[in-house]
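Residues per chain, in single letters:
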Amino acid sequence: MIIEKNEAKKILLRGGNLIIPTETVYGLAASINFPEAIEKIYQLKNRPRENPLIVHSATISQVLEFVQNVPKTFFLLAEKFWPGPLTMILEAKGDLNSQITAGLKTVAVRIPNHKETKELLEEAGPVVAPSANLSGKPSSTKISHIEKDFGKEFPILKGEEPTCGVESTIIGWIEQKWVLLRYGFIPKDAIELILGEPIDHSNLQICPGTKFRHYSPDAKIYIQNEMKSKVDAIIGYENRDYETNQKFYSLGRDDEPEKIAHKLFAVFRKIDEDSLEKVWIDINLPREGLYLTLIERILKASSS
Ligand code: AMP
Ligand code: MG
């Protein structure tokens, strides 16, 4: 159910939950000041307790209220990428609610680039907002995805639907250096360009969330070439020729990674809607930039 900002603000400030659109994917939000509302997020998503939440704020001064000992480069990155799809993991202030951090000493923060959601956060204060999907399923990038997972009555803030289609990139300030913790919409090399040095990506497991099954449709997803002829449908690129008669789901052209990102989860959800059991997906993509994120999401979806 689509609601206006004033209604959304009331829900947050009386300790309720609602769904907010962001530029990446939809988020299931609770005000950081209401422990029961935060608890409800874990229940609604069936999210493992040891998987911490990202705090979404409207301004840097809001962010600075719950982090400490931030490096100078935090401000450089914030200026370049915020508002936008970059999440930074920083040392948390001691009094921050451990439901948010899952007991870690760090907290994940970001300023989303979405008009209505930013306005809401300016007025109602920061929220925690994991992706609005049942744990393990592909993130929601359309209203119909939310309705499927949480029902038609669940309140959703009015605003533009996500444009990126994949989640934020997560980097962490760990032992005095930046490390990549989750591939996301902002390519690693764009961050390295700002920092002027390479960032390590050998520690993706520091993000508790990377341990869990993720982004997976109910259909079994195959990437091996020998499976191509043994499946019900193919997910691929419209400018490639697959020489098969199977049902075809297009991710757009192979040279437009941003458009592929925008479509990927919607196609995963569509194949479940169409009750397919086995699907082959073309993962033959360049190993660079945003393609690395797409490859990671596809591998996660296919490895269950
Ligand atoms: P989601 O919002 O559902 O897309 O997931 C947020 C991701 O951020 C998960 O993979 C979490 O494990 C990760 N995360 C959140 N807080 C922290 C933290 N303090 N340290 C490491 N990873 C975090
Ligand atoms: Mg998620």
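Definitions and limits used
- Residues numbered from 1 in each chain as written.
- Chains lettered and ligands numbered in written order.
- Predicted model: local features only at pLDDT ≥ 70, side-chain atom pairs only at ≥ 80, totals over all residues.
- Heavy atoms only, no water.
- Helix = DSSP H or I, 4+ residues; strand = E, 2+ residues; numbered from the N terminus.
- Buried < 20%, exposed > 50% of the residue type's maximum accessible area, 1.4 Å probe, protein only.
- Axes fitted to C-alpha atoms, helices over the stretch in contact; angles between N-to-C directions.
- Parallel < 35°, antiparallel > 145°, perpendicular 65-115°, else oblique.
- Left-handed = near helix turned anticlockwise from the far one by under 90°.
- Contact = heavy atoms within 4.5 Å.
- Nonpolar A, V, L, I, M, F, W, Y, C, P; charged D, E, K, R; others polar.
- Arc of directions from axis to C-beta.
- Pairing = 2+ DSSP bridges.
- Salt bridge = Lys/Arg side-chain N within 4 Å of Asp/Glu carboxyl O.

**What about unusual backbone geometry?**
Part 1: Along the chain, W82 connects to P83 via a cis peptide bond; the corresponding omega equals -10 degrees.
Part 2: Within the secondary structure layout, P83 lies in the loop between α4 (72–81) and β5 (86–91).
Part 3: In this structure, N69 takes a positive phi of about 50 degrees despite not being glycine.
Part 4: The residue N69 is located in the loop between α3 (60–63) and α4 in this model.
Part 5: Since its relative accessible area comes to 58%, N69 is described here as exposed.

**Some remarks on the packing of helix α1 (residues 5–13) against helix α6 (residues 115–124)**
Part 1: For the pair α1 and α6, interaxial distance at closest approach is 10 Å and the crossing angle is 45 degrees. With respect to α6, the element α1 is oriented oblique. Handedness of the α1/α6 crossing: right-handed. Side by side, α1 and α6 meet where K5, A8, K9, L12 and L13 of the first sit next to E119, L120, E123 and A124 of the second.
Part 2: Class assignment for the residues of the contact of α1 with α6 results in five nonpolar, no polar and four charged.

**Some thoughts on the packing of α4 against helix α8 (residues 188–195)**
Part 1: At their nearest, the axes of α4 and α8 sit 10 Å apart, and the two run at 125 degrees to each other. Relative to α8, α4 is oriented oblique. With respect to the hand of their crossing, α4 and α8 are arranged in right-handed fashion. Taking contact as the criterion, the partners of T73, L76, L77, K80 and F81 in α4 are, on α8, A190, I191, I194 and L195.
Part 2: Broken down by class, the residue content of the contact of α4 with α8 amounts to seven nonpolar, one polar and one charged.

**Some points on helix α2 (residues 35–45)**
Since the α-helix advances by 3.6 residues per turn, residues separated by three or four positions end up pointing in the same direction.
Part 1: For α2, the full list of buried residues reads A37, I38, I41, Y42 and K45. Down the axis of α2, the sector holding all buried residues measures 155 degrees, keeping them to one side.
Part 2: Check the buried side of α2 and you find it contacts β3 (27–31), α5 (98–101), β7 (127–128) and α7 (143–150).
Part 3: Of the residues trailing α2, N46 is marked for its positive phi of about 60 degrees.

**Thoughts on the pairing of strand β12 (residues 233–236)**
Part 1: Burial along β12 is two-sided: A233 and I235 and I234 and G236, pointing in opposite directions, are all buried.
Part 2: Bridge count between β12 and strand β13 (residues 247–250): four bridges; the pairing is parallel. For I234, the partnering residue across the bridge sits in β13 and is F248.
Part 3: Bridge count for β12 against strand β14 (residues 278–281) is three bridges, and the pairing is parallel. Each bridged residue has a counterpart across the sheet, and for A233 the counterpart in β14 is V279.

**Looking at the pattern of salt bridges**
A side chain with one charge may pair with a side chain of the opposite charge, provided their charged atoms come close.
Part 1: Per the counting criterion, the structure on display carries 20 salt bridges.
Part 2: Across the pair E161 and K142 runs a salt bridge, and its minimum N-O distance is 3.4 Å. Linking E161 in the loop between β8 (156–157) and β9 (169–174) with K142 in the loop between β7 and α7, this pair joins segments that are 19 residues apart in sequence.
Part 3: On the basis of relative accessible area, K142 is assigned to the partly exposed category, the value being 30%.
Part 4: Of the charged contacts in the structure, one is a salt bridge between R269 and D149, with a shortest N-O distance of 2.8 Å. Placement of the pair is R269 in helix α9 (residues 257–273) and D149 in helix α7, with a sequence separation of 120 residues.
Part 5: Here D149 falls in the buried class, since its relative accessible area comes to 15%.
Part 6: Each of E167, E296, R297 and K300 takes part in salt bridges that share partners, so that together they form one network.

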